[in-house]
Amino acid sequence: MEVVRVILSVLSVFVALVSERFVVVAAFSQSLDSDFTFTLPAGRKECFYQTMKKDASLEIEYQVLDGAGLDVDFFISSPSGQVLFSDYRKSDGVHTVETEDGDYMFCFDNTFSSVSEKLIFFELILDNMDTDEDPDDWKEYVHGVDTLDMRLEDIMDTINNVKARLGKSVHIQTVLRAFEARDRNIQESNFDRVNFWSVINLIVMMLVSAVQVYLVRSLFEDKKIRT
């Protein structure tokens, strides 16, 4: 009996490890995140395309990190060409779309500015992209789950919760980095402006001082009147 118990324990551990691997694959294949940073020249428009599946979710978050005005025009259109969301002269925005099969287009427009280029950050969050695969198919290959102290469903719920929280943490950190970069660019721009106008004021003060000294000295000069 003792040998049988040891064998059952080893098999239980093996099943748990195999099941956990299937659970990890099923849990982490549901969401795809990516972020990009690019420079949009003055008077230009840049468009990007994302292929989506039906009943999925596409979330786009963007921020203008640098450039005069910190604003840009933005719009996203469906595969049929219908404009779903549009922003005009905004510095940031977040939009979520319930998608269908096809290519979604989203564009950043800087044609209203003829001088200043813009540094733009955006992040894509794609949910429910693996709709063709059943996340519960792995259960067909697992047997003897009743012998485990912790049910495989509990393991899957725990891993899904951890995955969701980690994804949220990564998303928040990415957004905070973007805000930090934008604030740093604003501070550096303000620093350059303060230095420029300080130099201008210093030059003006020196010129005014020189003019005042010249006028005061001219008042005390001896003027000979010739008759």
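Residues numbered from 1 in each chain as written. Predicted model: local features only at pLDDT ≥ 70, side-chain atom pairs only at ≥ 80, totals over all residues. Heavy atoms only, no water.

(A) Inspection of the overall build of the protein at higher detail. Scanning the protein from terminus to terminus reveals two helices and eight strands. Ordered by position from the N terminus, the helices and strands of the protein form the series α-β-β-β-β-β-β-β-β-α. Of all 227 residues assigned to the protein, the portion counted as buried reaches 29%. Of the roughly 15,800 Å² that the protein leaves accessible, carbon and sulfur atoms contribute 58%. (Helix = DSSP H or I, 4+ residues; strand = E, 2+ residues; numbered from the N terminus. Buried < 20%, exposed > 50% of the residue type's maximum accessible area, 1.4 Å probe, protein only. Areas by Shrake-Rupley, 256 points an atom, 1.4 Å probe, with all protein chains shown as cover.)

(B) How the structure looks around a nonpolar patch on the surface. On the surface, a cluster of nonpolar side chains totalling about 470 Å² of accessible area is made up of F196, W197, I200, V204 and V208. Tracing the sequence through the fold places I200 in helix α2 (residues 152–219). (Patch = residues over 30% accessible without salt bridge, like charges linked within 9 Å, V, L, I, M, F, W, Y side chains within 5 Å. Salt bridge = Lys/Arg side-chain N within 4 Å of Asp/Glu carboxyl O.)

(C) Highlighting the packing of aromatic side chains. Across all of its chains, the model carries 14 aromatic pairs by this definition. With 6.3 Å between their ring centres and 75 degrees between their planes, F48 and F108 make a pair best called edge-to-face. One end of the pair, F48, is in strand β2 (residues 45–52); the other, F108, is in strand β7 (residues 102–109), and 60 residues separate them in sequence. Assessed through its relative accessible area of 26%, F48 is described here as partly exposed. By way of ring pairs, the aromatic residues F36, F38, F48, Y62, F74, F106, F108 and F122 are connected into one cluster. (Phe/Tyr/Trp six-rings, centres within 6.5 Å; stacked < 30°, edge-to-face > 60°.)

(D) The sheet that holds β2, seen in detail. Taken together, four strands build an open sheet; the order of strands is β2-β7-β4-β5 and the sheet is antiparallel. Lying at the two open borders of the sheet, with one neighbouring strand each, are β2 and β5 (83–90). The average angle at which neighbouring strand axes cross in this sheet is 10 degrees, direction not considered. Relative to β7, strand β4 (residues 72–77) runs antiparallel, the two sharing five bridges. Across the sheet, S77 pairs through a bridge with M105, a residue of β7. (Pairing = 2+ DSSP bridges. Axes fitted to C-alpha atoms, helices over the stretch in contact; angles between N-to-C directions.)

(E) Inspection of the pairing of strand β3 (residues 57–66) at higher detail. Judged by how many residues are buried, β3 sits mostly within the fold: eight of ten residues are covered. The pairing of β3 with strand β6 (residues 92–98) spans seven bridges and is antiparallel. Pairing of L58 across the sheet is with V97, part of β6. In this sheet, strand β8 (residues 118–127) lies alongside β3 in antiparallel orientation, the contact comprising nine bridges.

(F) Quick peek at the confidence of the model for the protein. Of all residues in the protein, 73% have pLDDT values of 70 or greater, and the mean over the chain is 76. Scored below 50 in pLDDT, residues 10–30 makes 29 contacts in the model with residues more than four places away or belonging to other chains. (pLDDT = per-residue confidence, 0-100. Contact = heavy atoms within 4.5 Å.)

(G) Molecular detail of the pattern of salt bridges. Scanning all chains against the criterion turns up four salt bridges. The shortest N-O distance in the salt bridge between R44 and E46 comes to 3.1 Å. Exposure remark for E46: the relative accessible area of 22% places this residue in the partly exposed category. Between R184 and E188 there is a salt bridge, and its shortest N-O distance comes to 3.2 Å. One end of the pair is R184 and the other is E188, both in helix α2 and four residues apart, which spans about a single turn. What you see here is one network of salt bridges that share partners, running through D71, R89 and K118.

(H) Quick peek at the environment of E61. Summarising the element assignment, E61 is placed in strand β3. Note on E61: relative accessible area 11%, which makes it buried. Apart from the residues within four sequence positions on either side, E61 is in contact with G93, V94, F121, F122, E123, H171 and V175.

(I) Molecular detail of a negative patch on the surface. Residues D55, E98, E100 and D101 make up a contiguous surface patch of negative charge. On the accessibility criterion, E98 (61% relative accessible area) is exposed. (Lys, Arg positive; Asp, Glu negative; His and termini not counted. Charge placed at Lys NZ, Arg CZ, Asp CG, Glu CD.)

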